[in-house]
Amino acid sequence: MYGRDPWGGPLEINTTDSATDDDRSRNLNDFDRAALSRPLDETQQSWLLGPGEEKKKKYVDLGCISVSRKIFVWTVGLILAAGFIAGIIALIVKLVPRHHEHPPPADNYTLALQKALMFFNAQKSGRLTKHNNVSWRGNSCLNDGKSDKSGAVLKDLVGGYYDAGDTIKFHFPKAFAMTMLSWSVIEYSAKYEAAGELNHVKEIIKWGTDYFLKTFNSTADTISQVVAQVGKGDTSGGTSDPNDHTCWMRPEDIDYPRPVTECSSCSDLAAEMAAALASASIVFKDNKVYSKKLVHGAATLWKFARDQRGMYSAAGADAATFYNSSMYWDEFVWGGAWMYYATGNQSYLYLASHPKLAKHAGAFWGGPDYGVLSWDNKLTGAQVLLTRLRLFLSPGYPYEETLKTFHNQTSIIMCSYLPYFSSFNRTRGGLIQLNHGRPQPLQYVVNAAFLATLYSDYLDAADTPGWYCGPNFYSTNELRKFAQTQIDYILGKNPRKMSYVVGYGDRYPKHVHHRGASIPKNKVKYNCKGGYKWRDTKKPNPHTITGAMVAGPDKNDGFHDVRTNYNYTEPTIAGNAGLVAALVALSGDGSTKIDKNTIFSAVPPMFPTPPPPPAPWKP
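Residues numbered from 1 in each chain as written. Predicted model: local features only at pLDDT ≥ 70, side-chain atom pairs only at ≥ 80, totals over all residues. Heavy atoms only, no water.

With an unreviewed UniProt entry as reference, the protein is termed Endoglucanase, source organism Centaurea solstitialis. Within the UniProt record for the protein, the comment given under Sequence similarities (unreviewed entry) is "Belongs to the glycosyl hydrolase 9 (cellulase E) family." (UniProt positions renumbered as here; feature names shortened; annotations may be inferred.)

Below, the discussion takes up the state of the cysteines. Counted under the stated rule, the structure contains three disulfides. Across the disulfide from Cys263 sits Cys266; the S-S distance is 2.0 Å. Here the S-S torsion is close to 75°, and the disulfide linking Cys263 with Cys266 is therefore right-handed. Take Cys266: its relative accessible area is 0%, and that puts it in the buried class. Between the sulfur atoms of Cys415 and its disulfide mate Cys469 the distance is 1.9 Å. One disulfide, between Cys415 and Cys469, carries an S-S torsion of -100° and so falls in the left-handed class. Here Cys415, found in helix H16 (residues 400-417), pairs with Cys469, found in strand S8 (residues 466-469); they are 54 residues apart in sequence, far enough to count as distant. Per residue, the accessibility class of Cys415 equals that of Cys469, and both read buried. Sequential numbering of the bridged cysteines in the protein gives the disulfide pattern 1-6, 2-3, 4-5. (Disulfide = S-S within 2.5 Å. Buried < 20%, exposed > 50% of the residue type's maximum accessible area, 1.4 Å probe, protein only. Helix = DSSP H or I, 4+ residues; strand = E, 2+ residues; numbered from the N terminus.)

Moving on to the pairing of strand S6 (residues 226-230). The buried count for S6 comes to five of five residues, which makes it a mostly enclosed element. Strand direction decides the pairing type here: strand S5 (residues 169-170) and S6, joined by two bridges, are antiparallel. When the sheet's bridge partners are listed, Phe170 is paired in S6 with Gln229. (Pairing = 2+ DSSP bridges.)

What follows covers the nonpolar core. Trp183, Trp338, Tyr341, Tyr417, Phe450 and Ile487 are the most contacted members of the largest nonpolar core, which totals 163 residues. Setting aside residues up to four positions removed in sequence, Tyr341 forms contacts with Ile282, Leu385, Leu386, Arg388, Leu389, Ile599, Phe600, Ala602 and Val603. In this structure, Tyr162, Met249, Ile254 and Tyr256 belong to the second largest nonpolar core, which totals seven residues. (Core = buried A, V, L, I, M, F, W, Y, C linked by side-chain atoms within 4.5 Å. Contact = heavy atoms within 4.5 Å.)

Turning our attention to the packing of helix H6 (residues 108-122) against helix H7 (residues 171-195). Interaxial distance between H6 and H7 falls to 13 Å at its minimum, and their mutual angle equals 135°. Between H6 and H7, the crossing angle belongs to the class labelled oblique. At the point where H6 passes H7, the crossing takes the left-handed sense. For the pair H6 and H7, the contacting residues are Thr110, Leu113, Gln114, Leu117 and Phe120 in the first and Met178, Leu181, Tyr192 and Ala195 in the second. (Axes fitted to C-alpha atoms, helices over the stretch in contact; angles between N-to-C directions. Parallel < 35°, antiparallel > 145°, perpendicular 65-115°, else oblique. Left-handed = near helix turned anticlockwise from the far one by under 90°.)

This paragraph deals with the UniProt feature "active site" (unreviewed entry) in the protein. The sites that carry the UniProt feature "active site" (unreviewed entry) are, in the present numbering, His513, Asp561 and Glu570. Look at the named residues: they lie 58 residues apart in sequence, but the longest C-alpha span between them is just 10.1 Å, so in the fold they bunch up. Along the polypeptide, His513 turns up in the loop between helix H18 (476-490) and helix H19 (515-518). Not counting chain neighbours up to four residues away, the residues in contact with His513 comprise Gly165, Trp248, Arg563, Thr564, Tyr566, Thr569, Glu570 and Pro571.

Now for the sheet that holds S6. Read across the sheet, three strands follow the order S5-S6-S7 without closing on themselves; strand pairing throughout is antiparallel. On the outer flanks of this sheet lie S5 and strand S7 (260-263), each paired with one strand and no other. Pairing of S6 with S7, which is carried by four bridges, proceeds in the antiparallel orientation. Bridged to Val230 within S7 is Val260.

Let us now look at the pattern of salt bridges. Applying the stated criterion to the full structure yields 23 salt bridges. Between Asp241 and Lys232 there is a salt bridge, with its nearest N and O atoms 3.1 Å apart. With relative accessibility at 27%, the residue Lys232 sits in the partly exposed group. Residue Glu272 is joined to Lys378 by a salt bridge in which the shortest nitrogen-to-oxygen separation is 3.0 Å. With Glu272 in helix H9 (residues 267-283) and Lys378 in the loop between helix H14 (355-361) and helix H15 (379-392), the pair connects residues that are 106 residues apart, well separated along the chain. For the pair formed by Glu272 and Lys378, the shared burial category is buried. (Salt bridge = Lys/Arg side-chain N within 4 Å of Asp/Glu carboxyl O.)

Before going further, it helps to examine the environment of Leu357. Turning to its location among the elements, Leu357 is positioned in helix H14. Under the relative-accessibility criterion, Leu357 is labelled buried at 4%.

All right, on to unusual backbone geometry then. Note that the residue after Tyr397, namely Pro398, is joined by a cis bond; omega there is 5°. For Pro398, the location among the structural elements is in the loop between H15 and H16. Non-glycine residue Asn133 carries a positive phi angle of around 65°. Examined against the element boundaries, Asn133 turns out to sit in the loop between H6 and S5. Even without being a glycine, Gln440 presents a positive backbone phi close to 60°. Summarising the element assignment, Gln440 is placed in the loop between H16 and helix H17 (442-461).

Structure representation (structure tokens):
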């Protein structure tokens, strides 16, 4: 059977499979030559030629594996090319000038905060560090603690801070100042860090606490006395008795005796100093050795305060004249709260929240100065501090009853700060009169601004949008607004367009009541009376005491920039501590709030004691 060959020749189908190789080769010659001259497609070529011979691949032996030479070359080439391109990009980035993004400018509160802290550098006593950054200050009062004539060292009392425009070291307001600074660091350490001032403020606190540890036997468990004051301010003896008030001298030039006042019955002073050391121990909790030292000193002072009752101002004329204490019960509540936070020992909390102690401190009644935090009255601060405990830990029985009372009273105090209520008058310019028109109002205003901002942050952190004043509900923004208006007044938004913080703004007091700032540093030592010409001159101070908040205006928004009128122009460390606390609380863009947990770092988990069972029922 024959079929038609697609190439044009005959094809014998039945015989093709049985033909030998020689027959096939001979039969090729019989194919149509014209058909072979036509181009063949791939199928036809495969039929004709059969399977082709594969090209042998080349490999590169890499030891553990063998890789195709082609793949190896391409891989190496790509790596080299990528490295070359990366190098070019790095070179371009390095050579082309870059646009540096500057951080946003600091807000006004942060700028004022940085200046307010500098005031403490100007108030330092003793041997100063090289980085103190106040060019017109130097080492001073290096003999503090020595006896008047023999020169024997009774106590090493070198260091610490001068109180105000004089050179006395009053320990009662100084301890309050250190407590306030520590409190602000515990709550707002992130804001201090953002302002670049965290290390600075901690150094300021440590300068104060190091000194306090010198004022009593801080290594003992029991003491019988504590130093209350160094220096003297009694002017009843006239200029014949040279001291820190009758003389107008630079601290570096002091050559008159500086007596040391000790007390053996001073519960208010000792409890406040215990609060200062206890709060500072939380600030320095990462320095375990120093923190433990502070806690031990605080416990010693606390035991002394509780065992030997009395008021420190009852024994000394200076204390009674300049920083008279009204009671010690508020220091017991305040100090007890700080001792609890520093140690976690619930015996301190039991005392601080005891209803009888709260009653003695005046927690259940008002009065003209109720709600005013100051170096003398710590009750308001203690109530806010313990309200924090109720908001975030809720310890329950047996503390709940008093803590609830403190919480309610705190709410009432916050209401009294608002302009909708008449608890306190305001000047035409808007400054709240917490001291009812008496002189030196600003130290009380800054404390209230701090508490208001802090309490609003407490409520925000507790997811509480506000609080009630009677039937009316107010948001936390109202408290912040109050604080802002008061601090803005101090910084220059007032009828006189004057900043009451030296060095801040374009217009501020130039005749500050301050011995060191008013006498030039010209290598001339002016004696006790020789400095009077600098006190009485109408020229501005030769030195700017940066960051000092002066006493403030009168109840009519009036202010006299006169050096001899301390009721207008004298700054104090207690006042500046409140200013620093208020400024750091208000600083920043509002995104950073309080540190909820650090203050509780020593407090163990609380398991409230169940209340006692009810009395058996009787018909």
